[in-house]
Amino acid sequence: MSQKIAIVTGASRGIGRAIAKNLAKNDYIVIANYNKSEKEALELKNEFNNIHIFKADVSKREEVKQLVEYTLNKYKKIDILVNNAGIDSQQLFQDITDEDWQNVINTNLYSAFCVTQEVLPNMLHNKNGCIINISSIWGLVGSSCESIYSISKAGIDAMTKSLAKELGPSNIRVNSIAPGFIDTDMNKKYSIDDINNIKHDIPLQKIGKPEDIAKCVKWLVEDEFTTGQVIAIDGGWQIH
Ligand code: NAP
């Protein structure tokens, strides 16, 4: 089959949803994973013939296996994996509980490890693949009161670079996109005043849209010579 098959985790809302839509509009077949937001996932499926939805908590190995099995039973191959599912968590470092730690690390980092491990046998067999991990600028520069989140994202970037080296000879490219402040439910907690202050600190004086990240995903999917990179899409917020 010449059409490319993409799994996008956490595709029911926000950035993952924009990524799934943009790939579908460009003729990719998308397996859009969701966990809790069934209504949003169904709306997405109804909008596109070439989007399938699959419920799985990607922090759980058994559910990840089912997601990958579903895709391979249907299409026999996986060309693209976007590890996007994630949650944030804000607290002082000394207030972090073991439960907070496990929740964020399992959802953000273990999930990327686990889904990647499950798709790799097929990509290695085909000597073809593109893996894109959605990290965060906080993984690059650290964030006060968001240490577990930043640790999880730095871990993803380290996985990206290590895997790019390990999998390059098998023609599998691995990159991270590190978004800055993007207008999604994740940032609903911020007031208009907070957002205006943030815009003031961003060189381009605006916050990002999920579509800004989706465009970069499409570019990385179609590129053939980029691997091991962490691409910050943040309006210049954290130039370093
Ligand atoms: P969002 O609007 O809160 O959406 C999060 C998505 O992740 C939802 O589709 C949710 O699915 C899914 N998800 C969460 N836990 C999951 C699990 N255990 N299994 C499967 N899916 C799960 O967040 P967003 O802003 O789009 O964030 C997407 C990614 O971008 C995250 O990795 C986030 O860390 C990263 N990011 C976001 C920003 C930003 O400013 N927004 C900045 C930097 C990085 P359900 O609702 O179906 O459970």
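Before reading further, recall that the structure is shown in the block above.
Keep in mind it's a predicted model, so treat the numbers as computed, not measured.

## Considering the packing of aromatic side chains
By the definition in use, this model includes five aromatic pairs. Measuring from ring centre to ring centre gives 5.2 Å for W138 and W237, while their planes differ by 70°; the resulting arrangement is edge-to-face. Residue W138 is located in helix α5 (residues 137–141), and its partner W237 is located in the segment after β7 (230–233); the two are separated by 99 residues in the primary sequence. Assessed through its relative accessible area of 18%, W138 is described here as buried. Under the relative-accessibility criterion, W237 is labelled buried at 17%. Between the aromatic rings of F181 and W237, the centroid separation amounts to 6.5 Å while the plane-to-plane angle is 70°, which identifies the pairing as edge-to-face. With F181 in the loop between β6 (172–179) and α7 (192–201) and W237 in the segment after β7, the pair connects residues that are 56 residues apart, well separated along the chain. One aromatic cluster is present, formed by W138, F181, Y190 and W237 through successive ring pairs.

## Quick word on the pairing of strand β2 (residues 29–34)
Of all six residues in β2, six are buried; the element is thus mostly enclosed. Sheet topology places strand β1 (residues 5–8) next to β2; four bridges connect them, and they run parallel. Of the residues in β2, the one forming a bridge with A6 is V30. With helix α1 (residues 14–25) bridging β1 and its parallel neighbour β2, the resulting β-α-β unit is right-handed. The sheet contact formed by β2 and strand β3 (residues 51–55) spans five bridges and is parallel. For V30, the partnering residue across the bridge sits in β3 and is I51.

## Section: the site of the ligand
Around the ligand there are 30 residues in total, and S37, N84, Y149, T184 and N187 lie nearest to it. At 3.1 Å, a backbone N or O of G10 approaches an oxygen atom of the ligand. Taking N35, its main chain carries an N or O atom lying 2.9 Å from an oxygen atom of the ligand. A total of 890 Å² of accessible area belongs to the ligand in isolation, and the protein chains cover 94% of it. Cavity membership is defined here by more than half of the atoms lying within 2 Å of grid points; on that basis the ligand lies in the largest pocket. Elements that contribute at least two residues to the shell around the ligand include exactly α1, β2 and α6 (147–167). Looking at the shell around the ligand residue by residue, the classes come out as eleven nonpolar, 14 polar and five charged.

## Some points on the pattern of salt bridges
The final tally for this structure, using the stated rule, is 13 salt bridges. Salt-bridge contacts for E43 lead to K39; the nearest nitrogen and oxygen are separated by 3.7 Å. Of the two residues, E43 and K39 both sit in helix α2 (residues 38–47), four residues apart, roughly one turn of that helix. Looking at E43, the relative accessible area reads 38%, which means it is partly exposed. One salt bridge in this structure joins E118 and K65, with 3.7 Å as the shortest N-O distance. With E118 in helix α4 (residues 98–126) and K65 in helix α3 (residues 61–75), this pair connects stretches of sequence that are 53 residues apart. Under the relative-accessibility criterion, K65 is labelled partly exposed at 31%. Salt bridges sharing common partners tie together R13, D185 and K188.

## As for the environment of N122
On the secondary structure map, N122 appears in helix α4. On the basis of relative accessibility, which here comes to 13%, the residue N122 falls in the buried class. In the structure, N122 is positioned 86 residues away from K36 in sequence and 28 Å away in space, judged by C-alpha atoms. For N122, the residues in contact, after removing those within four places along its chain, are L72, K76, K77 and I78. Within the structure, N122 has its side chain in polar contact with the backbone nitrogen of I78 (distance 2.9 Å).

## Considering the environment of G139
Considering the arrangement of structural elements, one finds G139 in helix α5. Through-space distance from the C-alpha of G139 to that of I151 is 6.3 Å; in sequence the pair is twelve residues apart. Setting aside chain neighbours within four positions, we find G139 in contact with S150, K153 and A154.

Calculation notes
Every residue gets a number counted from 1 within its own chain, in the order that chain's sequence is written. A pLDDT threshold of at least 70 governs which residues receive local features in this predicted model, and a stricter bar of 80 or more applies before side-chain atom pairs are shown or counted, although totals over entire chains, interfaces and linings include all residues. Based on all heavy atoms of the structure, the side-chain values leave hydrogens and waters out of the count. Classification of ring pairs rests on two measures: the distance between centres of Phe, Tyr or Trp rings, Trp counted by its six-membered ring, which must be within 6.5 Å, and the angle between planes, read as stacked under 30 degrees, edge-to-face over 60 and tilted in between. Going along the chain from the N terminus, every DSSP run of H or I of four or more residues is numbered as a helix, and every run of E of two or more is numbered as a strand. Burial classes follow relative accessibility: with a 1.4 Å probe on protein chains only, a residue under 20% of its type's maximum area counts as buried, one over 50% as exposed, and anything between as partly exposed. Two strands qualify as a pair provided that DSSP identifies no fewer than 2 bridges between them. Here a crossover is taken to be right-handed if, once the strands point away from the viewer, the path from the first strand over the helix to the second is traced clockwise. Note on definitions. A residue lies near a molecule or strand when any single heavy atom of the residue is within 4 Å of it. Throughout this description, a polar contact denotes any pair of N or O atoms lying within 3.5 Å of each other; where both atoms belong to protein, one of them has to be capable of donating a hydrogen while the other can accept it, and for residues adjacent in sequence the pair is counted only when both atoms sit in side chains. Residue exposure ignores everything except the shown protein chains as possible cover, and the areas themselves are Shrake-Rupley values with a 1.4 Å probe. With a 1 Å grid spanning the protein atoms alone, the term cavity applies to any set of points in which a 1.4 Å probe fits but cannot get out, the term pocket to an open set with protein on both sides within 12 Å along at least five of seven lines, and the term lining residue to any residue with an atom within 4 Å of a point. A pocket or cavity is taken to hold a molecule when more than half of that molecule's atoms are within 2 Å of the pocket's grid points. Asp, Glu, Lys and Arg are counted as charged, while Ala, Val, Leu, Ile, Met, Phe, Trp, Tyr, Cys and Pro are counted as nonpolar; the rest, among them Gly, fall into the polar class. When a carboxyl oxygen of Asp or Glu lies within 4 Å of a side-chain nitrogen of Lys or Arg, that pair is called a salt bridge. Should any heavy atoms of two residues lie within 4.5 Å, those residues are counted as being in contact.

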